[in-house]
Amino acid sequence: MKHAYKIRLIIALIIFILAILGICGVFYPLKIYDLQFAPLLQRIFIDFSVIAAVLAGSIILLTLLFGRFYCSTICPLGFLQEIAALIFRRKNKSTKNLPIKYFIAAITFGILTGGSAVVLRYFEPYTFFGSLFTISALGIVATAAVLALTFFKNRYFCTNLCPVGALLGLLSKISFNKIYISDGCVSCGLCEKQCPSGCINSKEKTVDNVTCVKCLKCLEVCPKNRIKFGKKPKTNVRFSLKRREVIIGATVLALFGTMVKAGIVLKDKIVEKFKDIILPPGAMNQERFINKCYNCNLCVVNCPNKIIVKADENFPTVHLDYTQGFCKADCTKCSEVCPTGAIKRLSLEEKQKTRIALGMIKEDKCTKCGLCVEACPYGAITKEEGKPPVLNGSKCVGCGVCKQACHFASIEIFAVKQQSTI
């Protein structure tokens, strides 16, 4: 176990690099974004997915067996904090396990269970990381705040604010294998100084496995080899809940139930102030998409024609902008990379039959050149000699090819309330 820290660090670095390459659309042989816990939960809660259930179950099983390895190895924002902490070279001090994270988790996951990811969008670590690399204001500000916390308190975000960390921490409390201090410890304090989570109290010889992110650094620095990772020997201390823990637990559960109801109301109300806008194929409708999209911006970066744009004052999530291009008929990239299920995963055949908008030809501006007829990949536009082209709405999917082909701005593409199969 002396080399466990280095091995874990190498694995985390590989996953970190793959996550960056995947986000930037460069190289992703493994879909690391499909291993992110909160998006997986959404795909289970909202649109049940067997694959998502298996992956989320695997993370839960990993946590029950070994603790919060997800936070130190799989989560790219967690590893980014680890790199920052190494650069800052700050000494660590034990940190109290504050209950605020449970209230944040109750609010975010409660509303998510009710049907909306709007609140979780502002706390989910992978969203911060993804939007950072796509130069999004939310990602830059949130990551800067997390790194500022790292400078002063190391992994404080992971241990006391992150809703994913709070949930996995509860599972880690009953994990089969734990970090513990064995007999013979001389209380030198080296492990406590090196612990990024502040979960070791060397004087009392205790380790808080709820906040421990299993970086395994303590195993490497202990000169006496008294820090262990494994099944903790049984003691005569009986399990007992403190009054404070009971009150906090009851309050968190009550808050969770309230937030589920709030989420149900929120998902129906949130779209009222936004105008209709064209959404990626698989988004289905405005209400669903606003409540599912995390704004991680993976689809923005990976769109080959760059027509998916970031959230703006007109719409709170990513959406389509046909001013620079059109939606390619042979592309399903956005649905492939979306980790949350906000963009439903469509086969190429399904995508080609999904109406995302509807075109209209303005006859007063049309020059009858017929360029739109030749450009339409779906055969939705026809033309008789000497007459303006005619658009068959039953065949049009609103891809925008005709709009790009027209040199005279005589074609408009309008959003539809509900995406449908033609």
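Right above here is the structure, for reference.
What about unusual backbone geometry?
- Phi at Leu-216 takes a positive value of approximately 70°, unusual for a residue other than glycine.
- Checked against the element boundaries, Leu-216 lands in the loop between strand E3 (206–207) and helix H12 (217–221).
- For Leu-216, a relative accessible area of 5% gives the class buried.

Notes on helix H8 (residues 137–153)
- Here H8 spans 24 Å end to end across 17 residues, near enough to the 24 Å set by a 1.5 Å rise per residue.
- Among the residues of H8, Gly-139, Ala-142, Thr-143, Val-146 and Thr-150 are the ones counted as buried. With its buried residues spanning 95° around the axis, H8 presents them on a single face. Every exposed residue of H8 that faces more than 90 degrees away from the buried side is listed here: Ala-137, Val-141 and Phe-152.
- Of the surrounding elements, those touching the buried residues of H8 are helix H5 (76–88), helix H7 (125–133) and helix H9 (156–160).
- Asn-154 sits one or two residues past H8 and shows a positive phi near 60°.

Looking at the packing of aromatic side chains
- What the rule picks out here adds up to eight aromatic pairs.
- Where Phe-16 meets Phe-79, the ring centres are 5.1 Å apart and the plane angle is 55°; that geometry is what we call tilted. Taken together, the residues span a long stretch of sequence, with Phe-16 in helix H1 (residues 4–23) and Phe-79 in helix H5 at a distance of 63 residues.
- Judged by relative accessible area, Phe-16 falls into the buried class, the value being 9%.
- When the centroid spacing of 4.8 Å and the interplanar angle of 50° are considered together, the rings of Phe-129 and Phe-133 count as tilted. On the criterion of helical spacing, the pair formed by Phe-129 and Phe-133 is a turn pair, its members being four residues apart in helix H7.

Let's talk about the packing of H5 against H7
- As a packed pair, H5 and H7 sit with axes 8 Å apart at the nearest point and diverge in direction by 70°. Considering their axes alone, H5 and H7 lie roughly perpendicular with respect to each other. Contacts between H5 and H7 pair Pro-76, Leu-77 and Leu-80 from the former with Pro-125, Tyr-126, Phe-128, Phe-129 and Leu-132 from the latter.
- A per-class count over the contact of H5 with H7 returns eight nonpolar, no polar and no charged.

What counts and how
Residues numbered from 1 in each chain as written. Predicted model: local features only at pLDDT ≥ 70, side-chain atom pairs only at ≥ 80, totals over all residues. Heavy atoms only, no water. Helix = DSSP H or I, 4+ residues; strand = E, 2+ residues; numbered from the N terminus. Buried < 20%, exposed > 50% of the residue type's maximum accessible area, 1.4 Å probe, protein only. Expected span 1.5 Å × (residues − 1). Arc of directions from axis to C-beta. Contact = heavy atoms within 4.5 Å. Phe/Tyr/Trp six-rings, centres within 6.5 Å; stacked < 30°, edge-to-face > 60°. Axes fitted to C-alpha atoms, helices over the stretch in contact; angles between N-to-C directions. Parallel < 35°, antiparallel > 145°, perpendicular 65-115°, else oblique. Nonpolar A, V, L, I, M, F, W, Y, C, P; charged D, E, K, R; others polar.

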